[in-house]
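Secondary and tertiary structure notes
The lines below spell out each chain.
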Amino acid sequence: MSLQRRRGQKARVWKTVEVTDSRGNAVTMADPSGPVEVRAAFVPQRSARAEVPGQQQINVVRMIVDAHLDGVSLWSRVEYAGRQWDIVSPPAYHHGDRRTRHWSIDIRERP
């Protein structure tokens, strides 16, 4: 595991689960039973600052986390730096030897 991921910043990740709603439909959502604590490296990707009232500020950050994190998809949620984040694109698995394999997950700050 790389030093950035091992000594990185703490984050909480809600994995994805499939539950049945009141109508009997299968619904995919963030796990309501609670988050998983992880350490990850965070790399800013892009941002758009709100300059006029009514505009949204958009921050996108790439989260690089250990390969042992599974069950994360577009319906998962992340809490990082005291704020809630949504997953923007499907997590990308980067295969390598034991020390270099990891997941890259792009997350966007919730408004």
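Let us look at the structure shown here. (Residues numbered from 1 in each chain as written. Predicted model: local features only at pLDDT ≥ 70, side-chain atom pairs only at ≥ 80, totals over all residues. Heavy atoms only, no water.)

Attention now moves to the pairing of strand 4 (residues 36-48). Sheet topology note: the strand 1 (residues 9-14)/strand 4 ladder contains five bridges and is antiparallel. Bridge pairing in strand 4 places Lys-10 opposite Arg-39. Two elements, strand 4 and strand 5 (residues 58-66), share eight bridges in a ladder whose sense is antiparallel. Bridged to Ala-41 within strand 5 is Ile-64. (Pairing = 2+ DSSP bridges. Helix = DSSP H or I, 4+ residues; strand = E, 2+ residues; numbered from the N terminus.)

The next subject is the pairing of strand 6 (residues 77-80). By the alternation rule, side chains of strand 6 split into Val-78 and Tyr-80, which are all buried, and Arg-77 and Glu-79, of which none is buried. When strand 1 meets strand 6, the two strands line up antiparallel, connected through four bridges. When the bridges of strand 6 are listed, Trp-14 appears paired with Arg-77. Looking at chain direction, strand 6 and strand 7 (residues 83-87) are connected through four bridges and run antiparallel. (Buried < 20%, exposed > 50% of the residue type's maximum accessible area, 1.4 Å probe, protein only.)

To continue, consider the environment of Val-13. Within the secondary structure, Val-13 sits in strand 1. With 72 residues separating them in the primary sequence, Val-13 and Trp-85 have C-alpha atoms 9.6 Å apart. Discounting residues that sit within four places of it in the chain, Val-13 has contacts with Pro-35, Val-36, Val-38, Met-63, Val-72, Arg-77 and Val-78. (Contact = heavy atoms within 4.5 Å.)

Counting 16 residues, the largest nonpolar core has Val-38, Phe-42, Met-63, Val-65, Val-78, Ile-105 and Ile-107 as the members making the most contacts within it. Elements with a minimum of two residues in this core: strand 1, strand 4, strand 5, strand 6, strand 7 and strand 9 (102-109). Filtering out sequence-adjacent residues up to four positions away, Val-78 remains in contact with Ala-11, Arg-12, Val-13, Trp-14, Met-63, Arg-83, Gln-84, Trp-85, Ile-87 and Ile-107. (Core = buried A, V, L, I, M, F, W, Y, C linked by side-chain atoms within 4.5 Å.)

The subject of this paragraph is unusual backbone geometry. Glycine aside, residues mostly have negative phi angles, and peptide bonds mostly take the trans form. A positive phi angle, near 55°, is found at Ala-81, a position not held by glycine. Counting through the fold element by element, Ala-81 comes out in the loop between strand 6 and strand 7.

Right, let's get into the pattern of salt bridges. Tallying each qualifying case throughout the model produces five salt bridges. A salt bridge links Lys-15 to Asp-70; the nearest nitrogen and oxygen atoms lie 3.2 Å apart. Here Asp-70 lies in the loop between strand 5 and strand 6 and Lys-15 lies in the loop between strand 1 and strand 2 (16-20), a separation of 55 residues in the sequence. A relative accessible area of 23% means that Lys-15 is categorised as partly exposed. In this structure Asp-70 comes out as partly exposed when scored by relative accessible area, which is 48%. Here Arg-110 ties to Asp-86 by a salt bridge, and the two come within 2.7 Å at their closest N and O atoms. (Salt bridge = Lys/Arg side-chain N within 4 Å of Asp/Glu carboxyl O.)

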